[in-house]
Amino acid sequence: MSTVKKGIAALALLLLLALLFVTILPWIASTQIVRDRIAYELSLWSGYRVALGEAPQLEVWPAFRATLRDVSFHEWSGESQAVLEADRLVVSLSPLAAVRGRIEMSAISMYRPSLRLTRTETSLELPASPGGGRIVQAIQAAKRLITADPKNPDVTSLPSDAFGTVEFSDGRIALVDGDSVESLTNLSGKITWPALNRTLRVTANGVWRGESVNVEASAATPLILMGGGSGDVTASLKSALVEASFEGKVNFSGERFFEGNGQINTPALRRMLDWAQIPITPSGTIGPVTLTSNIRGNAQRVRLESVALNFGGNNGTGVIDIAFADPVPAISGTLAFDKLDLRTYLAGFTSIATGRGSLSQPLETGIAHQMALDLRLSAATATLGNAELTDVAASTQVKGPLMALDLSHANGFGGELQAGLRIDKADDKKTVEIRMIATEVEALQLAKAAGAEKLLPQGRTNISVMLKGTGDDWNAVLGSAEGSVTTTLGQGSLGGLDLAKFRNRWAAGGFFALSEVAGGPIALKGADFKAKVTGGVARIEKADVFLDDQRVFSFTGIIPYFGRALAISGKLEPILPDGTRGLAELPFFIGGAWDSPYVAPVVPSEQQEEARPQPQAEQQQ
């Protein structure tokens with residue numbers, strides 16, 4: 001029993017001594033720590049001269065730590081503005097290391113820190129490189145490993161000094177660009193780097209340009225990256241206006257190579273570009289945009305492969321190249337869509353008139369000065385307003401003041417379509433060229449898609465429109481247009497006109513609304529129309545509507561764009577057996593507005609009764 005008691009007493013004494021040692025150790029250690037020693041250790045790590053506003057305040061329980069106030073990091077040469085300032089730093093220390101006269105920091109908490117970075121053309125940098133320190137020495141060691149084997153540096157030989165964690169709250173980053181300063185504010189987050197040869201992770205959230213942002217990033221071999229080598233990186237940015245992520249390999253030296261998988265999505269492209277201060281402004285509202293791709297490139301050129309793009313509900317795939325060698329970015333590529341809303345697509349480049357009220361809106365072409373573009377598109381199906389198109393092939397070219405939007409092929413309205421819009425700006429004037437060719441399309445489908453409600457032709461038609469005008473809005477362009485319009489219609493009919501009613505109303509004398517003689521349809525053999533456009537006025541050179549009963553309506557006159565008025569003379573003529581035309585009957589004049597025309601007989605009133613046929617006979621023809 002005496003042996004057992006002695007053993008228990010010895011164990012109790014050992015425990016008491018251990019407890020006493022652990023309890024008094026921080027006080028012993030605190031006698032080894034002085035103000036200059038902590039500042040010196042911070043300087044050894046950062047490479048900057050560290051200044052403290054007052055002596056550190058030491059706490060030994062429940063954790064051994066030092067609180068530093070009014071802390072600032074400066075360049076070593078002369079008096080300079082602080083690179084980093086903080087109202088307060090709380091440093092977690094190792095008491096065992098302190099007993100040996102050393103400072104080992106396992107964690108740092110910064111309160112209201114302010115970091116100053118200089119914005120360059122390609123990156124953000126500290127105002128000057130640190131004068132030395134463990135971080136710089138470790139980076140130099142990494143550079144030597146990269147020089148020895150650039151493709152596969154020996155990461156096992158990297159410095160393994162313990163680093164720890166750095167937390168920050170209510171911080172600020174000042175981005176200095178010459179005389180201008182932009183700030184990220186309300187920054188809070190954490191940097192976790194257990195050792196210099198381990199993975200570095202950063203999480204942060206704050207406010208940038210009025211929007212809350214959250215950033216996360218990690219690097220598997222941060223020293224290799226800092227030394228100019230390549231390493232694996234993941235990064236993400238989240239805000240109300242944009243979410244973006246990247247995972248892959250990067251190299252921050254030279255032209256800054258990167259390769260990996262990237263994604264970006266935004267609910268409002270225009271607002272996001274404006275917030276990010278990217279000098280590209282789409283002309284119209286595009287809506288939400290999502291892009292994912294394999295991305296590779298450098299500071300001069302970026303290639304997006306396996307692109308999956310969705311904008312405004314349109315899904316496309318393809319390849320995109322972006323070059324930054326010129327003052328504005330040059331974008332080229334091909335995209336294939338299952339379904340494409342052409343109006344949404346075109347709104348990204350220029351203002352598209354969707355009705356009379358929008359014709360006076362400015363003709364936006366600002367994007368032509370913000371990028372160079374050569375983009376080829378294809379779509380299995382596409383829509384343009386009410387028009388449904390298939391097998392679409394199109395291209396968009398933008399360079400300097402010139403913008404060209406071409407629909408090289410599309411099936412629509414039962415036939416084939418081609419169209420083009422070319423906008424060029426010279427001497428503060430915008431010159432607009434409009435081209436449309438429709439081949440063997442269904443006239444009725446085309447008329448309804450164009451909004452026609454009264455006169456509805458039916459049959460196969462060919463249309464050619466070539467116009468060129470100048471102006472800053474669509475009204476001015478169309479009002480100054482020069483060019484031609486030609487149309488041919490095959491065998492079919494014309495709805496919206498009852499010929500018997502027309503003859504009776506004509507014979508009754510006085511003008512009448514065209515809507516008063518609505519009806520039909522009238523059987524047609526075909527129709528030909530040709531007009532020359534000068535100064536926004538279409539002058540009819542030929543307009544014949546061939547009825548199925550060997551008669552023809554022929555028209556002459558003008559159709560001015562401004563005023564939306566009509567000034568057309570017409571007549572009904574028989575076609576003789578030898579193909580010539582007989583004596584004209586029912587001469588008339590069409591005037592009034594485009595959407596409410598009226599008809600006025602032009603023969604003397606005493607001849608009108610004689611010319612009146614029997615309604616029954618007319619209807620039988």
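The structure presented is a predicted model; accordingly, all values stated were derived computationally and were not measured.

> So what's going on with the overall build of the chain? Which residues, and what values?
Per the secondary structure count, the chain includes twelve helices and 33 strands. Counted over contacts in the chain with a minimum sequence separation of 6, partners at least 24 positions apart contribute 49%.

> I'd like a rundown of the nonpolar core, residues and numbers included.
Leu-42, Leu-68 and Leu-340 are the most contacted members of the largest nonpolar core, which totals 111 residues. The dominant element in this core, judged by the number of residues it contributes, is helix 4 (residues 134-148), at six residues. Core analysis: the second largest hydrophobic core is formed by 26 residues, Leu-489, Leu-524, Ile-568 and Leu-572 among them.

> Describe the pattern of salt bridges, with residues and values.
With the rule as written, the count across this model stands at 18 salt bridges. Salt-bridge contacts for Arg-134 lead to Glu-41; the nearest nitrogen and oxygen are separated by 2.7 Å. Residue Arg-134 is found in helix 4, and its partner Glu-41 is found in helix 2 (residues 35-46); the two are separated by 93 residues along the sequence. Exposure remark for Glu-41: the relative accessible area of 4% places this residue in the buried category. Its salt-bridge partner being Arg-581, residue Glu-573 comes within 3.2 Å of it at the nearest N-O pair. The network of salt bridges with common partners includes Asp-544, Lys-571, Glu-573 and Arg-581.

> Please provide a residue-by-residue account of unusual backbone geometry, values included.
If a residue is not glycine, its phi is most likely negative; likewise, a peptide bond is most likely trans. Positive phi outside glycine occurs at Arg-112, with the angle close to 55 degrees. When you line up the elements, Arg-112 lands in strand 5 (residues 105-119). Although it is not a glycine, Asn-186 adopts a positive phi angle of roughly 55 degrees. Structurally, Asn-186 can be placed in strand 8 (residues 180-195).

> Any chance you could break down the confidence of the model for the chain for me, citing the residues and the numbers?
Averaged over all residues, the pLDDT of the chain equals 84, while 86% of them reach at least 70. Low confidence marks residues 28-32, where pLDDT is under 50. Its contacts with residues over four positions away, or in another chain, come to ten contacts. Every residue in residues 613-621 scores below 50 in pLDDT, and together they form twelve contacts with partners more than four places removed in sequence or on other chains.

> Explain the packing of aromatic side chains residue by residue, including any values.
The geometry of an aromatic ring pair is captured by two quantities: the separation of the ring centres and the angle between the planes. Using the criterion set out here, one finds 14 aromatic pairs in the structure. Pairwise contacts between aromatic rings join Phe-502, Phe-512, Phe-553, Phe-555 and Phe-588 into one cluster. In this structure, Arg-88 packs its charged tip against the face of Tyr-111, placed 3.9 Å from the ring centre. The cationic tip of Arg-564 hangs over the ring face of Tyr-561; the distance from NZ or CZ to the ring centre is 4.1 Å.

> Tell me what's going on with the pairing of strand 10 (residues 211-219), and back it up with residues and numbers.
Sheet analysis places strand 9 (residues 200-208) next to strand 10, joined by nine bridges and oriented antiparallel. Across the sheet, residue Gly-206 finds its bridge partner in strand 10, namely Val-213. The antiparallel hairpin formed by strand 9 and strand 10 contains two residues in its connecting segment, where Arg-209 sits at a positive phi of about 50 degrees. When strand 10 meets strand 11 (residues 230-239), the two strands line up antiparallel, connected through seven bridges. Counted as the bridge partner of Val-215 is Leu-237 from strand 11.

> Can you break down helix 10 (residues 499-508) residue by residue, with the values?
Of the residues making up helix 10, those classed as buried are Leu-499, Ala-500, Phe-502, Arg-503, Trp-506 and Ala-507. Projected down its long axis, helix 10 shows its buried positions confined to an angular sector of 160 degrees, all on one face. Measuring from the backbone nitrogen of Ala-500 back to the side-chain oxygen at the start of helix 10 gives 3.0 Å, which picks out Asp-498 as the cap. With its phi angle positive at about 80 degrees, Gly-509 sits one or two positions after the end of helix 10.

> Residues and numbers for the environment of Gly-591, please.
Take Gly-591: it is sitting in strand 32 (residues 585-593). Here Gly-591 falls in the buried class, since its relative accessible area comes to 1%. When the C-alpha positions of Gly-591 and Ala-513 are compared, they lie 9.6 Å apart, and in sequence the two are 78 residues distant. Setting aside residues no more than four positions away along its own chain, Gly-591 makes contact with Leu-566, Pro-597 and Tyr-598.

> Tell me about the side chain of Ser-493, residues and numbers included.
Looking at the element boundaries, Ser-493 is found in strand 26 (residues 492-495). Not counting the four nearest positions on each side in its chain, Ser-493 is found in contact with Leu-456, Pro-457, Gln-458, Pro-521, Ile-522, Ala-523 and Leu-524.

> I'd love a proper account of the pairing of strand 15 (residues 301-311), names of residues and values included.
Where a strand is regular, its side chains alternate between the two sheet faces. Two strands pair when backbone bridges link them, and strand 14 (residues 289-297) and strand 15 are joined in this way by eight bridges, in the antiparallel orientation. Within strand 15, the position partnered with Leu-291 by the bridge is Leu-309. Remark: three residues form the turn of the hairpin made by strand 14 and strand 15, two consecutive strands paired antiparallel. Of the pairings in the sheet, the one linking strand 15 to strand 16 (residues 314-323) comprises nine bridges and is antiparallel in character. Note on strand 16: the bridge partner recorded for Asn-310 is Asn-315. Connecting strand 15 to the antiparallel partner strand 16 that follows it, the hairpin turn spans two residues, and Gly-312 within it adopts a positive phi of roughly 55 degrees.

Rules of the game
- Residues numbered from 1 in each chain as written.
- Predicted model: local features only at pLDDT ≥ 70, side-chain atom pairs only at ≥ 80, totals over all residues.
- Heavy atoms only, no water.
- Helix = DSSP H or I, 4+ residues; strand = E, 2+ residues; numbered from the N terminus.
- Contact = heavy atoms within 4.5 Å.
- Core = buried A, V, L, I, M, F, W, Y, C linked by side-chain atoms within 4.5 Å.
- Buried < 20%, exposed > 50% of the residue type's maximum accessible area, 1.4 Å probe, protein only.
- Salt bridge = Lys/Arg side-chain N within 4 Å of Asp/Glu carboxyl O.
- pLDDT = per-residue confidence, 0-100.
- Phe/Tyr/Trp six-rings, centres within 6.5 Å; stacked < 30°, edge-to-face > 60°.
- Lys NZ or Arg CZ within 6 Å of the ring centre and 35° of its normal.
- Pairing = 2+ DSSP bridges.
- Arc of directions from axis to C-beta.
- Polar contact = N/O pair within 3.5 Å; in protein donor to acceptor, adjacent residues only side chain to side chain.

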